[in-house]
Amino acid sequence: MATENKNLSAYDKSTIPNAAQLRFGIVVSEWNPTITEGLYSGAVEALLDCGAQVGNIIRWNVPGSFELVLGSQRMIETQKPDAVIAIGSVIQGETKHFDFVCSAAAQGIKDVNLKTGVPTIFCVLTDNTMQQAIDRSGGKHGNKGAEAAIAAIKMAVLGK
Ligand SMILES: Nc1c(NC[C@H](O)[C@H](O)[C@H](O)CO)[nH]c(=O)[nH]c1=O
Ligand SMILES: CC(=O)[C@@H](O)COP(=O)(O)O
């Protein structure tokens, strides 16, 4: 199912574990800040809606999506969160750089999950245009930040 057929912000709160006792790290890329701030707001709003406490949400900024990998790993090593949300927005430019940044972020964040065992949620938009990014960070398709927050809660308690 493509995003255009799914509202990214939609969730059934009755099916989400309460997040009151959970500690979250959120690492935010500074590239395309209007997009990443929208994703961050969507994530925090959903976390709080599901019972998370403001004092249990730790935010760090990194220069770009490539740095989300080390930023997430260092967040885990030093802050001991129950889950991390890695937020970025990569938008196609004139060159192949887009491909390398997206791939490095996706593969690197996957590796952090497996290396640390701490759920590290891939909240990185990889869009062809700014409009696509707007549509997915609080626009007509909802907010991928909210989707990531729900995934973080579910994975934080999985198997516990
Ligand atoms: N073009 C975008 C970037 N590029 C920067 C890289 O993420 C990285 O910070 C740089 O290569 C130094 O290591 N990053 C994004 O998050 N979004 C972009 O559209
Ligand atoms: C994803 C990027 O790094 C990209 O936006 C940079 O733009 P360009 O490919 O035109 O250098």
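The protein appears in an unreviewed UniProt entry as 6,7-dimethyl-8-ribityllumazine synthase from Sediminicola luteus. Listed in UniProt under the heading Function (unreviewed entry), the comment for the protein reads: "Catalyzes the formation of 6,7-dimethyl-8-ribityllumazine by condensation of 5-amino-6-(D-ribitylamino)uracil with 3,4-dihydroxy-2-butanone 4-phosphate. This is the penultimate step in the biosynthesis of riboflavin." The UniProt entry for the protein carries this comment under Pathway (unreviewed entry): "Cofactor biosynthesis; riboflavin biosynthesis; riboflavin from 2-hydroxy-3-oxobutyl phosphate and 5-amino-6-(D-ribitylamino)uracil: step 1/2."

(A) Geometry of the environment of Ser103. Mapped onto the secondary structure, Ser103 falls in helix α3 (residues 97–116). Residues Ser103 and Ala46, 57 residues apart in the sequence, show an inter-C-alpha distance of 27 Å.

(B) Region of the structure containing the packing of aromatic side chains. As enumerated under the stated definition, the model contains 0 aromatic pairs in all. Taking NZ or CZ as reference, Arg59 lies 4.4 Å from the ring centre of Tyr40, over its face.

(C) Region of the structure containing the site of ligand 1. Taken together, Ser29, Trp31, Asn32, Gly64, Ser65, Phe66, Glu67, Ser89, Val90, Ile91, His97 and Val101 make up the full set of residues near ligand 1. Within the side chain of Ser65, one N or O atom sits 2.7 Å away from an oxygen atom of ligand 1. The set of elements that each furnish at least two residues to the shell around ligand 1 consists of β3 (83–91) and α3. Here the shell around ligand 1 takes 3 residues from β3, the largest share from any one element. Of the residues that constitute the shell around ligand 1, the class distribution is 5 nonpolar, 6 polar and 1 charged.

(D) Inspection of the environment of Val62 at higher detail. With respect to the helices, strands and loops of the structure, Val62 is situated in strand β2 (residues 57–62). Judged by its relative accessible area of 8%, Val62 is buried. Between the alpha carbons of Val62 and Ser29 there is a distance of 4.9 Å; along the sequence they are 33 residues apart. Excluding its chain neighbours within four sequence positions, the residues that come into contact with Val62 are Val27, Val28, Ser29, Glu30, Glu67, Leu68 and Gly71.

Cut-offs and rules
- Residues numbered from 1 in each chain as written.
- Chains lettered and ligands numbered in written order.
- Predicted model: local features only at pLDDT ≥ 70, side-chain atom pairs only at ≥ 80, totals over all residues.
- Heavy atoms only, no water.
- UniProt positions renumbered as here; feature names shortened; annotations may be inferred.
- Helix = DSSP H or I, 4+ residues; strand = E, 2+ residues; numbered from the N terminus.
- Phe/Tyr/Trp six-rings, centres within 6.5 Å; stacked < 30°, edge-to-face > 60°.
- Lys NZ or Arg CZ within 6 Å of the ring centre and 35° of its normal.
- Near = heavy atom within 4 Å.
- Polar contact = N/O pair within 3.5 Å; in protein donor to acceptor, adjacent residues only side chain to side chain.
- Nonpolar A, V, L, I, M, F, W, Y, C, P; charged D, E, K, R; others polar.
- Buried < 20%, exposed > 50% of the residue type's maximum accessible area, 1.4 Å probe, protein only.
- Contact = heavy atoms within 4.5 Å.

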